[in-house]
Amino acid sequence: MDLGIITAGAASSQVLADFGAEVIKVESTTYTDPFRNWSQIADGGSPDPNASPAFNAVNRGKLGVAIDLKTDEGRTAFLQLVAEADLVVENFRRGVLERLGVGFEQLKAANPRIVLLSLSSQGSTGPEREFISFGSTLEAIGGLMSVTGYGPGDPMWTGNNVNYPDQLVSIIAPGLALAALRLRDHTNEAVHVDHSQREAVTSLLGHEIVRASRGDRSSASDSNTHPRHAPHGVYRTDGGDDWIALSVRSDDEWAGLCEVLGLDAVARDPRFMTTDARCGHRAELDEIVGAACASREKSALAHQLQAVGVAAAPVQRPEEVLDDPQLAALGFHQTVPGDATIQRGFVARLSRTPGRVRRRAPRLGEHNDAVLGRLPVFEPAIESVRSPDQVGQ
């Protein structure tokens, strides 16, 4: 049962759907997933709630019902569905489920073996448990923003088009769900997983946390440089706004880079002959490497550098990623049945149970009849749940 909204909750259950789980997305005509109204494709000036690329990307493969949990009939219907379910996923603010009457205690009463996966912002305890968060604020309060950016200027976050904390959580959460289901099967008891998105972000700063606990000065935002590797960064290539990322970790790799870029004289320059020397002359080094890359095509140059053992990759735009031969070989890009739009693929490949996109994202209340028809209730009660103010048609 998927109560997840936006990315963190919805994308977590989308991964489970990709690998074969039946996922029922629950919305209401009075409260739809906000993603339906993001990045809209307008039709005649009216936004289509089924056209949002963001919504369709993280809700593919699911059945969709519209149940108003603020009504007695809606709660009854939802809890009857929970009675036959294994998992409930939600990422509301703390206290919302309880106010709706479908908190963990009510879920356990409906199904003593249920697993509740709560993807909360701050966790279920503590003085800030009810704080509102988005990807940007999580990067800030989790500490990530303090170590990203271009030098000691303004802190920088990953941006609206990425929302890194949400993406991170949606990859971690499916594993937590499977671990909880395994525990449930072992104990035959319900399990509540409290996954704090704030903790997930802070966990990325492992070595910085150790430094801080020892009283050491934390690492400053230092753009694309590396304390022990040089050259290390992103350099403009031909094409106007094309770039290549590369990292040289040793003297042998430096020799290979100079060979590919035709920098024989620079390779013998005492300022750049050793790693320590190169790190001590970063500005001059970056200027020389940047000038040598400026006339080269990014993908061809990356392949040439890889051939001599230098880690290098072109900076690719989304349209270039679509044509990437490596991703094509992996079968990463997927299409949804009945829709030619290409979507992201799967987080992993399983040999016996490979991922598959089984259906497009549901229209609001699209599968009411199929899903609500399973309920062990009298037909008049079903019709009451289906009434327009409680369930969208």
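Our subject is the structure that appears above.
Described in the following lines is the structure provided in the data block. Every value quoted in this text rests on a predicted model; they were computed, and no experiment measured them. (Residues numbered from 1 in each chain as written. Predicted model: local features only at pLDDT ≥ 70, side-chain atom pairs only at ≥ 80, totals over all residues. Heavy atoms only, no water.)

A short note on the overall build of the protein chain
Operational definition: For the purposes of this entry, the term helix denotes a DSSP run of H or I that reaches at least four residues, the term strand denotes a run of E that reaches at least two, and both are numbered from the N terminus. For the exposure calls, accessible area comes from a 1.4 Å probe over protein chains only, and a residue counts as buried if that area is under 20% of its type's maximum, exposed if over 50%, partly exposed in between. Contacts are assigned to residue pairs with any non-hydrogen atoms lying within 4.5 Å of each other. Only the protein chains shown count as covering a residue, and every accessible area follows the Shrake-Rupley method with a 1.4 Å probe. Only four residue types enter the tally: Lys and Arg on the positive side, Asp and Glu on the negative side; His and the chain ends are excluded. The atom standing in for a charge is NZ when the residue is Lys, CZ when it is Arg, CG when it is Asp and CD when it is Glu.
The secondary structure content of the protein chain amounts to 18 helices and 12 strands. Summarising its shape, the C-alpha atoms of the protein chain cover approximately 85 × 50 × 45 Å along the three principal directions. Counting every position in the protein chain, which comprises 393 residues, the buried fraction comes to 44%. Long-range contacts, defined here as pairs at least 24 residues apart, represent 67% of the contacts in the protein chain between residues at least 6 apart. Counting every atom, the protein chain has about 20,200 Å² of accessible surface; 54% of that belongs to carbon and sulfur. Positive and negative side-chain charges in the protein chain, numbering 38 and 51 respectively, have mean positions lying 3 Å apart.

Focus: the sheet that holds strand S10 (residues 311–314)
Two orientations exist for strands paired in a sheet by backbone hydrogen bonds: parallel and antiparallel. Just so we agree on the cut-off: Pairing between strands requires that DSSP locate at least two bridges from one strand to the other. To obtain each axis, a line is fitted to C-alpha atoms, and for helices this fit is confined to the stretch in contact; angles are then taken between N-to-C directions over 0 to 180 degrees.
Strand order in this open sheet of 3 strands is S8-S9-S10, and the pairing throughout is antiparallel. For this open sheet the edge positions go to strand S8 (232–236) and S10, each flanked by a neighbour on one side alone. The sheet shows a mean angle of 20° between the axes of neighbouring strands, taken without regard to direction. Bridge count between strand S9 (residues 243–247) and S10: 4 bridges; the pairing is antiparallel. Across the sheet, residue leucine 246 finds its bridge partner in S10, namely alanine 312.

Brief notes about helix H10 (residues 251–261)
Taken residue by residue, H10 has Glu253, Trp254, Gly256, Leu257, Cys258, Val260 and Leu261 as its buried positions. Looking at the buried positions of H10, the neighbouring elements they touch are S9, helix H11 (264–267), helix H12 (275–280), helix H13 (282–293) and helix H14 (298–307). Positive phi shows up at glycine 262, right after H10, with a value of about 70°.

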